[in-house]
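Chain and residue survey
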Amino acid sequence: MAGRSIRSRKKKEQIINRVVLLVVIILAALVLLPLWWIFRSSLMSNGTLYAYPPAFIPHEWKWSNYTEALKSFLYWKYFKNTFTIIIPAVSAGTITAIFCGYAFARLRFKGKKLIFNLCVGTILLPGMVTLIPLYVFWTQGLGLGGTYWPLILPYLTGGGFFNIFLIRQFLLTIPRELDEAAAIDGASRMRTLWTILVPAIKPAIVVVGMMLFIQIWNDLLQQLIYINDMEKTTFAIGLTNFTGSFGTKWNLAMAATCMTIAPGIVIYIFGQKSFVEGIVLTGMKN
C-alpha cells in the first residue's frame, strides 16, 4: 500500500508539473508573439502586411527593408545620441544608489528613519506632478534647455528611491560581522563597501543598472521636452518621427523598430543571470 501511495503521489506531481509547464509555454508564447509579429512585419512588403488572413511567416524574406529604412532612419546618429545620455546617467544613478543604500543600511545618523520614510513616500509621487516645476528649474533656472544635462543630472540622486531601496534591502541580508572583521583588519568604510559588500550585491546592482537603462531608453516624454535640436535626436524621438513620416510604410517602420530594440536585447542577454537573481532577491551566497 505504501509503494502504491508513493507511485500515485509521483504521478500526480508529474501531471501537475506538465500542466504548469504547458501554462508557462503558453504565457511565454503570448509574450513573444508581439516581438515576432514586429520582426515578421519588418521582412514583408508593405502590401503583404494588409493581406487577409495575415501570414504568420513571410513568404518572402525582404531583408532589403532594413537597408531601405536606414536611408531615412539615422540609426547610428540616434545610437550615439542615446548612449551619450544613457552611459553617464546609468553610471551615476547606479553609483549613487550604492552609496545611498549603504548609508541607509549601515550608517547611523540623526533623522535616518524620518528621511527614509519620506524617501519611500516619493515612490508614490506621480512623475507628472514634478514635470512642470522641473522643466522651469532646468530651463529658466539653470538655462539647460536644449541640452542633455536635464536628462543626466537627475540620476545623480540614484535615479529614483526604488533603486536605493533595492540596494539597501540586499545590504541588510549581509551580516554586519563582515564589516566588523574588515574594520579590525584596518579596512576603511569605503574599502569595505567596494571590496566586500559590492561584490556580494552584484545581482542587485545589475538590476538597478538595467532598470535605469530601460527607464531612460523609454523616456520619450522627457526627451521631447528638453531636446529641440534634430542633431541631438535619440532613438525614442527618431522612431516616433520616422513612424509619423512613413505612416503608410509599416514594413520600414517595423524594420526601424527591430533595429531600435536590438541593443536592449543584447544588454539583457549579457546581464540575464544577475538580473534574474536580483529580481528574486537571492542576497549573498555562501
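Every value quoted in this text rests on a predicted model; they were computed, and no experiment measured them.

Moving on, we get to the overall build of the protein. The secondary structure content of the protein amounts to 14 helices and zero strands. Reading the helices (α) and strands (β) of the protein from amino to carboxyl end gives α-α-α-α-α-α-α-α-α-α-α-α-α-α. By the compact-globule yardstick of 19 Å for 286 residues, the protein is too spread out, its C-alpha radius of gyration being 25 Å. By its C-alpha atoms, the protein is 80 × 70 × 35 Å across when sized along the principal axes. Sorting the 286 residues of the protein into buried and exposed places 36% on the buried side. Taking the intrachain contacts of the protein between residues at least 6 apart in sequence as the baseline, contacts between residues at least 24 apart amount to 75%.

Before going further, it helps to spend a moment on the UniProt feature "transmembrane region" (unreviewed entry) in the protein. Per the UniProt record, "transmembrane region" (unreviewed entry) is found at residues 20-39, 83-105, 114-136, 148-171, 192-217 and 250-270. In this annotation, residues 114-136 is assigned 83% helix and 0% strand; the end-to-end C-alpha distance for the span is 29 Å. Here residues 148-171 is 62% helix and 0% strand, with 33 Å between the C-alpha atoms at its ends.

We now examine the layout of surface pockets. What the largest pocket holds in volume is close to 960 Å³. What lines the largest pocket is a set of 28 residues, and nearest its centre among them are Thr130, Leu134, Gly159, Gly160 and Gln215. Those elements giving two or more residues to the lining of the largest pocket turn out to be helix 5 (112-122), helix 6 (127-141), helix 7 (149-152), helix 8 (161-172), helix 11 (202-217) and helix 12 (220-226). In terms of residue count, the dominant contributor to the lining of the largest pocket is helix 6 (six residues). What lines the second largest pocket is a set of 16 residues, and nearest its centre among them are Leu35, Ile261, Gly264, Ile265 and Tyr268. Where the lining of the second largest pocket is concerned, the elements lending two or more residues are helix 1 (2-42), helix 11 and helix 14 (250-279). Tallying contributions element by element places helix 14 first for the lining of the second largest pocket, with six residues. Counted by class, the lining of the second largest pocket contains 14 nonpolar, two polar and no charged residues.

The next thing to look at is the side chain of Thr94. Examined against the element boundaries, Thr94 turns out to sit in helix 4 (residues 75-106). There is a polar contact of 2.7 Å between the side chain of Thr94 and the backbone oxygen of Val90. In contact with Thr94, not counting residues within four places along its chain, are Ile205, Val208, Gly209 and Leu212.

This brings us to the environment of Gln169. You can see Gln169 is positioned in helix 8. Along the chain, Gln169 and Val136 lie 33 residues apart, while their C-alpha atoms are 35 Å from each other.

Right, let's talk about the packing of helix 4 against helix 10 (residues 189-200) for a bit. To describe two helices that pack against each other, one gives the angle between their axes and the distance between the axes. Running from N to C, helix 4 and helix 10 point in directions that differ by 100°, and their axes come no closer than 12 Å. It follows from the interaxial angle that helix 4 and helix 10 lie roughly perpendicular. Every residue of helix 10 that contacts helix 4 at Ile98, Phe99, Tyr102 and Arg106 is listed here: Arg189, Met190, Leu193, Trp194, Leu197 and Val198. Looking at side-chain class alone, the contact of helix 4 with helix 10 contains eight nonpolar, no polar and two charged residues.

What counts and what doesn't
Residues numbered from 1 in each chain as written. Predicted model: local features only at pLDDT ≥ 70, side-chain atom pairs only at ≥ 80, totals over all residues. Heavy atoms only, no water. Helix = DSSP H or I, 4+ residues; strand = E, 2+ residues; numbered from the N terminus. Rg over C-alpha atoms; globule rule 2.2 N^0.38 Å. Buried < 20%, exposed > 50% of the residue type's maximum accessible area, 1.4 Å probe, protein only. Contact = heavy atoms within 4.5 Å. UniProt positions renumbered as here; feature names shortened; annotations may be inferred. 1 Å grid on protein atoms, 1.4 Å probe; cavity = no way out; pocket = protein on both sides within 12 Å on 5 of 7 lines; lining within 4 Å. Points joined across faces, edges and corners; volume = space filled by probe spheres on them. Nonpolar A, V, L, I, M, F, W, Y, C, P; charged D, E, K, R; others polar. Polar contact = N/O pair within 3.5 Å; in protein donor to acceptor, adjacent residues only side chain to side chain. Axes fitted to C-alpha atoms, helices over the stretch in contact; angles between N-to-C directions. Parallel < 35°, antiparallel > 145°, perpendicular 65-115°, else oblique.

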